[in-house]
Amino acid sequence: MASTNITKPSLTFVVRRKAPELVPPAGPTPHEFKELSDIDDQDGLRFQIPVIHFYKNSDSPGGGSTRTRDPARVIKEALGKALVWYYPFAGRLREKEGRKLVVECNGKGIMFIEADADVTLEQFGTVLQPPFPLFEELLFDVPGSAAVLDTPLILIQVTRLKCGGFILATRLNHTMADAPGLVLFMNAVAELTRGADLPSVAPVWERHLFTARDPPRITCVHREYDEIEDTNGTIIPLDDMVHMSFFFGASEIAALRRFIPPHLKRSSTFEILTACLWRCRTIALQPDPAEMVRIICIVNSRSRLKNPPVPTGFYGNAFAFPVAVSTAGQISGNPVGYALDLVKKAKADVTEEYMHSLADLMVLKRRPHFTVVRSFLVSDVTRAGFADIDFGWGLPVYGGPAKGGVGAIPGVASFYIPFKNSKGENGIVVPVCLPSYAVERFVKELNGLLAEIPNHPIAESRSSVSISSSL
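In what follows, the accompanying structure is described. (Residues numbered from 1 in each chain as written. Predicted model: local features only at pLDDT ≥ 70, side-chain atom pairs only at ≥ 80, totals over all residues. Heavy atoms only, no water.)

**A word on the state of the cysteines**
Test applied: Count a disulfide wherever a pair of cysteine sulfur atoms falls within 2.5 Å.
For the coordinates displayed, the defined rule picks out zero disulfides. Counting only cysteine sulfurs, Cys280 is the nearest neighbor of Cys276, a cysteine outside any disulfide, at a range of 6.6 Å.

**A word on the pairing of strand β17 (residues 413–420)**
Rules: Using a 1.4 Å probe on the protein chains alone, a residue whose accessible area is under 20% of its type maximum counts as buried, one over 50% counts as exposed, and one in between counts as partly exposed. Note on conventions: DSSP H or I runs of at least 4 residues are helices, E runs of at least 2 residues are strands, and numbering of each starts at the N terminus. Following DSSP output, two strands are said to pair if at least two bridges run between them.
The element β17 is extensively covered by neighbouring structure, given that six of its eight residues are classed as buried. The pairing of strand β15 (residues 375–380) with β17 spans four bridges and is parallel. For Ser379, the partnering residue across the bridge sits in β17 and is Phe415. Relative to strand β18 (residues 426–435), β17 runs antiparallel, the two sharing four bridges. Each residue of the ladder has a partner; that of Lys420, found in β18, is Asn426.

**Thoughts on helix α4 (residues 250–257)**
Residues lying three or four places apart along an α-helix face the same way, a consequence of the helix completing one turn every 3.6 residues. As a reminder, the rule being used: In this description, the arc belongs to the directions extending from the helix axis to the C-beta atoms. Only heavy atoms matter for contacts: two residues are in contact if any of them lie within 4.5 Å across the pair.
Within the span of α4, buried status applies to Glu252, Ile253, Ala255 and Leu256. Buried residues of α4, viewed axially, fall in a sector of 155 degrees; they line one side. Buried residues along α4 sit against β10 (241–249), α5 (269–285) and α9 (436–450).

**Comments concerning the sheet that holds strand β6 (residues 101–105)**
Each strand in a sheet pairs with another by means of backbone hydrogen bonds, the pair being arranged parallel or else antiparallel. Defined as follows: Fitted lines through C-alpha atoms give the axes, limited to the stretch in contact for helices. The angle between two N-to-C directions lies from 0 to 180 degrees.
One open sheet accounts for three strands, arranged β3-β6-β5; its pairing is antiparallel. Each end of this open sheet is capped by a strand with a single partner; those strands are β3 (32–35) and β5 (92–95). The sheet shows a mean angle of 35 degrees between the axes of neighbouring strands, direction not considered. Sheet analysis places β3 next to β6, joined by four bridges and oriented antiparallel. Counted as the bridge partner of Glu32 is Cys105 from β6.

**A closer look at the pattern of salt bridges**
Put simply, the rule reads: Salt bridges are defined by distance alone: a side-chain nitrogen of Lys or Arg within 4 Å of a carboxyl oxygen of Asp or Glu.
Applying the stated criterion to the full structure yields 29 salt bridges. Across the pair Asp43 and Arg99 runs a salt bridge, and its minimum N-O distance is 2.6 Å. Within this pair, whereas Asp43 is found in the loop between β3 and β4 (48–55), its partner Arg99 is found in the loop between β5 and β6, the two being separated by 56 residues in sequence. We classify Asp43 as partly exposed; its relative accessible area is 26%. Residues joined by salt bridges that share partners form a network here, namely Lys18, Asp70, Glu114, Asp116 and Arg160.

**Some details on the environment of Thr351**
Turning to its location among the elements, Thr351 is positioned in the loop between α7 (336–348) and α8 (352–364). Judged by its relative accessible area of 36%, Thr351 falls in the partly exposed class.

Read these as spatial facts, not as claims about activity.
Printed below as a string of structure tokens:
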């Protein structure tokens, strides 16, 4: 059902951590400097992104039981082996003239924390989805480790649970990789924990594929980087940010499709869900009807570059932030089809030429941040592969982004995460961040899109919706 997260806000537990340590490559690696691409080092990616995986105890033959194998030891050992292949991750970022980022491949290593918690997986509830209780204990922010420059590029905490399961939480410097790139690295680690001698997919650097042309020239329109002053205080304050999650299964998506006009019936689930959430969010925030609002759709460009194509093992950032722009009054006052048409057109903007133009813009405009004023950003990670990473304990109960709203400017982004609810229904879970004053209106608008379905849970539970803040 498209209802808010029911993770128990009252759940408390104690995490006992060992001292953080650095895990270097397990073998010799080159000491060299590698430039990031002009897509990698833009302002909007200069932050740390958290991902989390929950694993049950497994007594399957051939490994997986925490009674006989220690996940922290096994994963730590495999990390060292994987870093021989992915040795740039073991380095440190430097900044050159023009705000250009380079990674010094010096083999210092990634940061690793081993921990134990006096809690079972079952105590987290039958439905595991963001926000997670005491997340800051499951991915400890080691003092001095969160800066973009000259700090470990990955932090991993493995927390063993009383039930024999464990939690693996990862923090990535986003300038180094996108979601598919991080999954490539994590799958390499997972393959090595399961006995492989080397990763099945060799990593590929080749950041020059997304480097500006000489001379750089902006040939496409990039309204996502419009310079707009936040004169009305539209960015959500951290102390007033409420974190929720909503599940959309087949029945919810079918219900949303009822509002789609005939000429847009072939729209994808991503497009329809994005249009509906953008409209609900705009109505909930109640901006001035004449104010411009934006939806930013992250679009993976790997399949759109043909000359040359992007290699399978490429793990850098390979996406764009195309944007649709409209007045708030048009989004709120028109049917969903209006927003949907804008979303589809924004996605279609991303071509090979668009990516080259984007890289050129970064150089010419000193790597700006995308516009966050009245912006809502959505990222579809349903096909990224987070839920398919098996370290020898089977597939995760949950694997994906740890929370919504992450980014250099918190509160803007939501993720579409593959999910199976307590009834065994497959669907998408969407973490959403909103200021407290807008939460009730957002849920009401979402209810309105689903209320005509007989006996639909969210339509029936308006008075009992439970919303918990992770702050």
